[in-house]
Amino acid sequence: MLRAFNACLVLAVLAAAYVLYSLEHSIRGVERQIARSNSAIVNEKEMIGLLGAEWSSLVRPERLQRLAEQHLKLRRISPDQFVKVNELATRIPDEPPVKLEEDGKDAIGDILKAME
Amino acid sequence: LILVSARKDGHLAGRNRLRLVTFGFILFFMSISAQLGYLTLWQGPPERATVEYSERLPRPDIVDRNGVVLATDVPVFSLYADPRKILDIDEAVELLTATVSGFDVKGLRQKLMQPNRAFVWLKREVSPAEREAIHNLGIPGIGFRVETKRVYPMGRLASHVLGYVDLDSKGIAGIEKFLDDQGALYTASLAEDNTRAMPAVLSIDIRVQHALADELARGITKFHAKAGGAIVLDVKSGEVLGLVSMPDFNPNQENKNFTFDQANRMTSGVFELGSVIKAATFAMALDYGAADLTSRFDARAPLVIGRAVIHDFQPTRRILTLPEVFINSSNIGTARMALGVDVEKHKEFLRRVGLMDRLVTELPENAKPLLPQRWGRLVQATVAFGHGFAVQPLQGAQVVASLLNGGNMIPVTFMKRDRADAKAMAHRVVKAETSEKLRYLFRLNGLEGSARKANANAPGYRIGGKTGTAEKVVNGRYDKSKNLTSFVGAFPMDDPQYVVMVMLDEPQATPETYGFSTSGWNAVPTAGNVIARIAPLLGIEPVLTDEERKTLAKQAEKEGKT
């Protein structure tokens, strides 16, 4: 009787030890995962900051103006180009000024090619 | 028997002892499990350890009103060595010089041959590619430290507003210093993951700032001016959308020994703004009821006060109505107008619009106005047209904004602000009718007076403004050949939204200006160019008269031909 009880207890201890160990093991894994994710987040944030700084230096208005003047045939907007919505119908030209898809031509592609 | 009983007693005693021990063990384990239960079940999460910093504190980013990054921290890696741990100096030197350019072999060897030192810098600011390469060499005793570096991606743009930091990341000038004084650094250090804090959002619009800087630089080159400055101010919120002072500086440069000339002249310098101050005098006379739009002022002869004589720059030699005094910028007329007001009331008005006190904004660089010591009749007359009365240019812009926006003084700011918040902090300085009359005068001057060329350069945007040409004081005397020309105006005049101020220091006459170097020929057209560029950005709808439409069509035709 007592022996069977003791055997039960030993088994219970073994089972509990196994459960406890596997739980601890998995928790260690999760902790490592958290640490990895945290450092990845820090890295990503640093990267975002770095890319933000780079983006900001690329969209410098002074640089954009220089590039636009060099490569685009655009003029500064003139006040008479502003049209009210209800006057819009009278302002539509008969022929589109830039034919983007004329006979398989690629107007934007041509600009890009010219830039190269 | 004794023996037996003793044995029996001994047996009993042993049993009791065993019980005691068992009891003790049970108590012990129970206390342990109780403690365990308490710790695991009832205790909250462990308190976060205080964030510790080995290197510099992180600074908050600075962004413009649309979120474009103007200043940020970037991590840089610096290479160091622990000479005690380096096994083979020759090999280390050879490997390093072979992988990374810019190493001086002799110097490197000397640095590594210090066996009693534990730390020497080998190279500051190593690029990521170099870092990877050095890392792959696997030399023992060599490592990297992460440092942060403050960068200003926009370079020179808005440098006077942003300011800069010293080598230890401490704010030295501009908003950077303001942030330090505000303790934003401290806030940043408490930020959740100690890498990024909330950015400081400025009122500056980087597109407006660029247009302003670009057009001002053009103006300075065109008229061979020594220096210049410009401001764009939101009339209804007091926000500064752009502030330029030329010559400017690059906050990214290593050596920050900037010259005095590179200082922010719009806030850290005081100038006699000349006729801009006249606007304040008109507002005073109209607000006190000392004059109205139909009042007449005798400008037939120079005004004599004691031993001093006040002349007009371009004498009209007739009796002028109040609008005519404004358009012709008559010193005599303005002086007479001011003399119609009591001295104390005059001073009280100037104090009310903030011209008597130092203007304090977020920028730490601010100058105290230079005011006359004793206020007699002569001083009152000269102050009326801005002589002997020097203030920060930003102060001038603030006054004009408050006179045109309906009469509410809103303190200027470099940080983004809601219009509702601005309304709450506004206080009335002149009556709404006075503001209405000033709008009329400003618009009239933009249509017929000295500010005509602004409207010619920016048709449709209904600009009104006041010009000023002040002679500079050289060695304590007014020098007729050296001018400081300024323009301050607003658009669109039917409901002013933005104030633009342009200032040129010693502009020269060119053939194009027919030999004139007054404000109307240089500062005004420059301001017109600025407005033509920023008005579409700021969402101001142009309204063209038929005449303007024709001129524009002619211009387009001309350009189309060439």
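Just above, that's the structure.
In short, a report on the structure. Just so you know, these numbers come straight off a predicted model, no measurement behind them.

Reading the values: rules and limits
Here the residue numbers are simple positions, counted from 1 along each chain's written sequence. Written order decides the labels, with chains lettered from A and ligands numbered from 1. Two thresholds apply to this predicted model, a pLDDT of at least 70 for residue-level local features and 80 or more for giving and counting side-chain atom pairs, whereas whole-chain, interface and lining totals are computed over all residues. Heavy atoms throughout the structure, all of them, feed into the side-chain values; hydrogens and water do not. For the purposes of this entry, the term helix denotes a DSSP run of H or I that reaches at least four residues, the term strand denotes a run of E that reaches at least two, and both are numbered from the N terminus. Between the two quantities, the radius of gyration covers C-alpha atoms and the globule rule is 2.2 Å times the number of residues to the power 0.38. For every residue, the accessible area obtained with a 1.4 Å probe (protein chains only) is divided by the maximum for its type, and the residue is called buried under 20%, exposed over 50%, and partly exposed between those limits. Should any heavy atoms of two residues lie within 4.5 Å, those residues are counted as being in contact. Strands pair, by our definition, only if DSSP identifies at least two bridges between them. Orientation is described by axes fitted as lines to C-alpha atoms, over the contacting stretch for helices, and by angles from 0 to 180 degrees between their N-to-C directions.

## Considering the overall build of chain B
If you tally the helices and strands in chain B, you get 19 helices and 18 strands. Here the C-alpha atoms of chain B give a radius of gyration of 36 Å, more than 25% beyond the 24 Å that 2.2 N^0.38 yields for 562 residues. In terms of its C-alpha atoms, chain B occupies a principal-axis envelope of roughly 150 × 70 × 55 Å. A burial count over chain B gives 51% of its 562 residues as buried.

## Here's the deal with the side chain of Ser402(B)
Residues and elements named next belong to chain B. Note that Ser402 resides in helix H14 (residues 393-404). Note on Ser402: relative accessible area 1%, which makes it buried. Setting aside residues up to four positions removed in sequence, Ser402 forms contacts with Gly407, Asn408, Met409 and Val429.

## With respect to the sheet that holds strand S7 (residues 240-246) of chain B
Residue and element names in this part refer to chain B. Pairing is antiparallel in the open sheet, where 5 strands are placed in the order S7-S6-S18-S17-S16. A single partner strand is all that each edge strand has here, and the edge strands are S7 and strand S16 (464-474). The mean angle between the axes of side-by-side strands here comes to 10°, regardless of whether they run parallel or antiparallel. Judged from the 8 bridges that link them, strand S6 (residues 227-234) and strand S18 (residues 498-505) form a sheet pairing that is antiparallel. Along S18, the bridge assignment pairs Ile231 with Met501. Helix H16 (residues 432-447) rests against S16 and strand S17 (477-491) of the sheet, and its axis sits at about 80° to S16.

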